Amino acid sequence: MNYFIEVIVPLSLPKTFTYKVSESEFNFIKKGMRIAVPFGKSKIYTALVIDLHQNAPTLYEAKEISQILDEKPIVNQFQINHWFWIASYYMCNIGDVYRSALPSALILESETIISQRKEIFVDETSLTDDEYLIYEALQRQSSLKVQNIIDILNKKTVLPVIQRLIHKNIISLEEEIQKEYKPKLIRYIRLHENYLDESNLIELLNNLKSEKRKNLVLQYFQLQAQDPSNSELAKQKKPISVKQLTEAAQTSAAILKALVDKQVFEEYYIQEDRVNFDKNKIDNELLLIDSQQIAFTEIKKSFTEKEVCLLHGVTSSGKTEIYTKLIENYIADGKQVLYLLPEIALTTQLVSRLTQYFGNKVAVFHSKYSNNERVEVWNQVLNISEKAQVIIGARSALFLPFSNLGLIIVDEEHEPTFKQQDPAPRYHARDAAIVLANAHQATQANGQLGGAKVLLGSATPSIETYYNATSGKFGLVTLKERFGKVPMPEIQLVDLKDSYFRKKMKGHFSLTLIENITDAFANGEQVILFQNRRGFSPVLECMTCGHVPQCPQCDVSLTFHKYKNQLRCHYCGYNMGKPTNCHICSSVDLETKGFGTEQIELELAELFPTKNIKRMDQDTTRGKYSFEKIIDGFKNREIDVLVGTQMLAKGLDFDNVSLVGIMNADNMLYHPDFRAFERSFQMMTQVSGRAGRSEKRGKVIIQTYNPLHSIIQQVTENNYEEMYNEQLHERQIYHYPPFFRLIKLTLKHRDFDKLKEGSMWLFQVVQQNLSIPVLGPEEPAISRIRNEYIRTIMVKIPNESSLQGTKKTIQKVLNSFDLVSQYRTIKVTVNVDFY
């Protein structure tokens, strides 16, 4: 009898594959285990088992597996079902979902190992220079990897050379699978068993001639004695690390090594988690104020009727304390809690707040953590360990192997960063979280079945979420006042047209803003300035002929970065030194137009030379701990002014900020996007919310050319309802969400004419097969990126139409498009709910 397993391979392929196994393997393998499988001619991939059966594939002969990588499953059934839902709903391949769901250290890649055939005689004179270099290297070491050969030959195209050597029978290839995850081992020290007897110890101390060695032994006993819980029996048990002992004794590792060689001490290793929060824990009870307690009770009541609840609380209303109290309840019931944040920058502050209450029960999972740290968190969640009961993370944390999930909190749910744009799967974490929660069926006290609950929190909810809440699909709880009844910040508008006309400007700062910054400094308070554009200026223009340097690979002007004195493309990374003269007419009269965070920082430094000014944007926060450094520096009041992009708008909490300045409110308003007004309102309200978060009322100054614009007026009055009703009315007229679902097809190709022709073919076929609005094919605002021209087609699906049926039709058309030989090279990506 034949036995087979069904697996997902980590490649962008839409279907699963069948492999052959023996009866004993069939009985050992479980769903959710990783298996190394041969795929293609010589590659080995880490596949994931999703089914075991006895049906042979009809289209191909099943290969045998290479090896089993796990002793028990590392993925559970909840996850596999959720992955298939994401692949189906967001119209992407299951292989893409699998690849992005698992930490890359768990998806083992095959590395080609090249070794010399020992039995073959080699005529060295017949080898070319490149071949001889590889042959010579193999005389010195037994094997090489492809990367080593690239380094030896100092060129990337090494495969033809390797191919020739294989042809000459000089070298052979083998595929080696590397296991990348290694637990972190800490080196500890203890007394050798010869010296456990006290009389031997005294003799040892008398025999030690070197003062440094004697000091080291005495220091060891001193560290032992520092543990108050130590009894005589336990003294030997307390682990002392090598690092701890050498630091305490202020000596080198060489002296310790000498004592280990003399068998005075012995070394041993203990496996330790890379991230530890135990030291942060403070024993104190969380008490809610009246308004928070009412909201907390209403949320719990809402959860008895609805799966999802929206907490609509103004900025600084104390939403985090309510979340913390809810987490406390769910942990007490033995449940796991997932806390999703839109931005890695936010995890820094939140981790320090939550670890005060929950200590090591908190784990963090996001892309700034190393591979091994992420695997550790994965294993803790999988084994439902004490450590990872509360997971804080960005959208990727959604893929962790939860098996006892009770609550998902999606904080700042309106943020666009919850939507993955590239690469596939292009999922929205908020929507995927709601589906995941529903899948986690848990038996409640009354014996009824109910999924895990989802709490969405925001001061400016997205229009779709608020529509769902007001129409009764979600629960709705509102918090109208700030924590401690602190008034909302006073918002003052500065008309830039008038200020420039009356010469009341210094650079990009109005005199009103400068006066308020000066007052804040006089009171020892801090300032946040917001400009949603990084770099020094977006355009460098020749004043003689009007030429603007463009990116050679994209249809976009190069942004000037003064710190590196270069022009840089923010789309493909192309850069060049700042030209001294115009490339077209050689004029030296070059001027920058527009301004970014760098320019604001430099102008501020001229206005306030004694103050510490820091920037927080993508350029200054590339390192793992760069967020922490800036946020801690600002919280500890070492930084006076923080200039930043939209990172500043996302839920950060600083109690000493009394003034927020928005440098130019207009560049957000006029984006060619149906969400521009909604996003502008959210961004400005969120940035304004950073001001006056303790006792004193804060102040916000918004510089704009259009102070009478309805959105700016609504921000000034903090009138979310008016903005919501106005936008909802327009969305209904022009067929946009929440009344219509949108699917965007993006086509890319290097040949402009082929793309134009292919996009027209696809548009016409989609339009013929669907009786709903289809728009396009349209050139986007930036119509060429990385030398690929772009066209987009938009499908608008009314709520009453079948979403699944429409997707199936689109998929059929895309499959037909793929079969047309001249269009096969056109890349097509599908983005469902792309907004």
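Residues numbered from 1 in each chain as written. Predicted model: local features only at pLDDT ≥ 70, side-chain atom pairs only at ≥ 80, totals over all residues. Heavy atoms only, no water.

1. A short note on the overall build of the chain
We count it as follows: Each helix is a run of H or I in the DSSP string that is no shorter than four residues. Each strand is a run of E no shorter than two, and both are numbered from the N terminus. Radius of gyration: C-alpha atoms only; globule rule: 2.2 Å multiplied by the number of residues to the exponent 0.38. Relative accessibility decides the category of a residue: with a 1.4 Å probe and only protein chains considered, values under 20% of the type maximum give buried, values over 50% give exposed, and everything between is partly exposed. Pairs of residues are marked as contacts when any of their non-hydrogen atoms sit within 4.5 Å. Only the protein chains shown count as cover for residues, and all accessible areas are computed by the Shrake-Rupley method using a 1.4 Å probe.
For the chain, the helix and strand inventory stands at 26 helices and 39 strands. Compactness check: the chain gives a C-alpha radius of gyration of 31 Å against a globular reference of 28 Å for 835 residues, within 12% of the reference. Taken along its principal axes, the extent of the C-alpha atoms in the chain is 85 × 75 × 70 Å. In the chain, which comprises 835 residues, the proportion classed as buried is 52%. Summarising the internal contacts of the chain: among those between residues at least 6 apart in sequence, 74% fall at separations of at least 24. About 39,500 Å² of surface is accessible on the chain, with carbon and sulfur atoms providing 49% of the total.

2. Examining the pairing of strand E17 (residues 405–411)
Where we set the bar: DSSP-based pairing: two strands are paired if at least 2 bridges between them are found.
Of all seven residues in E17, seven are buried; the element is thus mostly enclosed. Bridge analysis of strand E14 (residues 336–340) against E17 gives five bridges, and the strand direction is parallel. By the bridge assignment, Leu338 is partnered in E17 with Ile408.

3. A look at the packing of aromatic side chains
The test is simple: Side-chain rings of Phe, Tyr and Trp (the six-membered ring for Trp) are treated as a pair once their centres are within 6.5 Å; stacked means planes under 30 degrees apart, edge-to-face means over 60, and tilted covers the remaining angles. Placement of a charge over a ring requires the Lys NZ or Arg CZ to be within 6 Å of the ring centre, with the centre-to-atom vector within 35 degrees of the ring normal.
Applying the stated criterion across every chain yields a total of 27 aromatic pairs. Judged by centre distance (5.9 Å) and plane angle (90°), the ring pair of Trp85 and Tyr90 falls under edge-to-face. Relative to Tyr823, the ring of Phe817 lies with its centre 5.4 Å away and its plane at 15°, an arrangement referred to as stacked. Each of the two residues, Phe817 as well as Tyr823, counts as buried. Through pairs of rings, three or more aromatic residues link up here, namely Tyr466, Phe681, Tyr720 and Tyr724. In this arrangement the basic side chain of Lys807 is found over the ring face of Tyr89, its NZ or CZ atom lying 3.5 Å from the centre.

4. What about the pattern of salt bridges?
Counted only if it meets this: By salt bridge we mean one thing: a side-chain nitrogen of Lys or Arg within 4 Å of a carboxyl oxygen of Asp or Glu.
With the rule as written, the count across this model stands at 26 salt bridges. One salt bridge connects Glu136 with Arg140, and the closest N-O pair in it is separated by 3.7 Å. In this pair, Glu136 and Arg140 both sit in helix H4 (residues 129–140), four residues apart, roughly one turn of the helix. Residue classification places Glu136 among the partly exposed positions, given a relative accessible area of 27%. One continuous salt-bridge network, built from bridges that share partners, spans Glu464, Arg675, Glu678 and Arg731.

5. Notes on the nonpolar core
Heads up, the condition is: As used here, the term nonpolar core means buried Ala, Val, Leu, Ile, Met, Phe, Trp, Tyr and Cys residues forming a set that is joined through side-chain atoms within 4.5 Å.
Counting 151 residues, the largest nonpolar core has Trp83, Leu340, Ile391 and Ile408 as the members making the most contacts within it. If we skip the residues at most four places from it in the chain, Ile408 touches Leu338, Leu340, Ala433, Leu436, Ala437, Lys453, Val454 and Leu455.

6. Here's the deal with the sheet that holds strand E29 (residues 575–577)
Quick note on the threshold: Between the N-to-C directions of two axes lies an angle of 0 to 180 degrees, each axis being a line fitted to C-alpha atoms and, for a helix, fitted only over the stretch in contact.
Strand order in this open sheet of three strands is E27-E28-E29, and the pairing throughout is antiparallel. The outermost strands of the open sheet, each flanked by one partner alone, are strand E27 (559–561) and E29. Each adjacent strand pair in this sheet contributes to an overall mean axis angle of 30°, direction not counted. Of the pairings in the sheet, the one linking E27 to strand E28 (residues 566–568) comprises three bridges and is antiparallel in character. Pairing of His561 across the sheet is with Gln566, part of E28.

7. Quick look at helix H12 (residues 319–332)
For an α-helix the count is 3.6 residues per turn, leaving residues at separations of three or four pointing the same way. Stated formally: Each helix should span, by expectation, one fewer than its residue count multiplied by 1.5 Å.
Here H12 contains 14 residues, and its C-alpha end-to-end distance of 20 Å stays within 8% of the 20 Å for a straight helix at 1.5 Å per residue. Across the 14 residues of H12, 10 count as buried, placing the element largely inside the fold. Along H12, the residues that are buried comprise Lys319, Thr320, Ile322, Tyr323, Thr324, Lys325, Leu326, Ile327, Tyr330 and Ile331. Where H12 terminates, the next one or two residues include Gly334, which has phi positive at roughly 80°.

8. Quick word on the sheet that holds strand E33 (residues 657–662)
Sheet architecture is open: six strands sit in the order E22-E34-E33-E25-E32-E31, paired in parallel fashion. Two strands lie at the open edges of the sheet, namely strand E22 (490–495) and strand E31 (613–616), each paired on one side alone. Across the sheet, the axes of successive neighbouring strands diverge by a mean angle of 20°, strand direction being ignored. Bridging between strand E25 (residues 526–530) and strand E32 (residues 641–644) involves four bridges; their strand directions are parallel. Within E32, the residue paired with Val527 across the bridge is Val641. Taken strand by strand, helix H20 (residues 626–635) contacts E25, E31, E32 and E33, and its axis lies near 140° from that of E31. Sheet strands in contact with helix H22 (residues 676–688) are E22, E25, E33 and strand E34 (699–704), and its direction is about 155° off that of E33.

9. Here's the deal with the confidence of the model for the chain
Quick reminder of the rule: Here pLDDT means the predictor's own confidence in every residue, given as a number from 0 to 100.
Confidence in the prediction of the chain, expressed as mean pLDDT, is 86, and 91% of residues score 70 or more. pLDDT under 50 marks residues 175–181. Its contacts with residues more than four places away, or in other chains, come to 32 contacts. For the stretch residues 228–236, pLDDT sits under 50, and the model shows nine contacts to residues farther than four places along the chain or on other chains.

10. Side note on the packing of helix H23 (residues 710–717) against helix H24 (residues 720–733)
To keep things clear, this is the line we draw: Roughly parallel here means an angle under 35 degrees, roughly antiparallel means over 145, roughly perpendicular means 65 to 115, and every remaining angle is called oblique.
At a minimum axis distance of 9 Å, the contact between H23 and H24 shows a crossing angle of 150°. Compared by their axis directions, H23 and H24 come out roughly antiparallel. Packed against H23, whose contacting residues are Ser710, Ile711, Gln714 and Glu717, the element H24 presents Glu722, Met723, Glu726 and Gln727 at the interface.

11. Thoughts on unusual backbone geometry
Each neighbour pair has its own omega, and for Asp422 with Pro423 the value is -10°, a cis peptide bond. Of note, Pro423 is situated in the loop between E17 and helix H15 (429–439). Here the amide bond leading from Ala424 into Pro425 is cis, since omega sits at 5°, within 30 degrees of zero. Mapping Pro425 onto the fold places it in the loop between E17 and H15. A positive phi is found at Glu412, a non-glycine position, where the angle reads about 50°. As for its position among the elements, Glu412 is in the loop between E17 and H15. Relative accessible area serves as the criterion here: at 6%, Glu412 is assigned to the buried category. The phi dihedral of Asn718 is positive, around 50°, even though this residue is not glycine. Position of Asn718 relative to the elements: it lies in the loop between H23 and H24.

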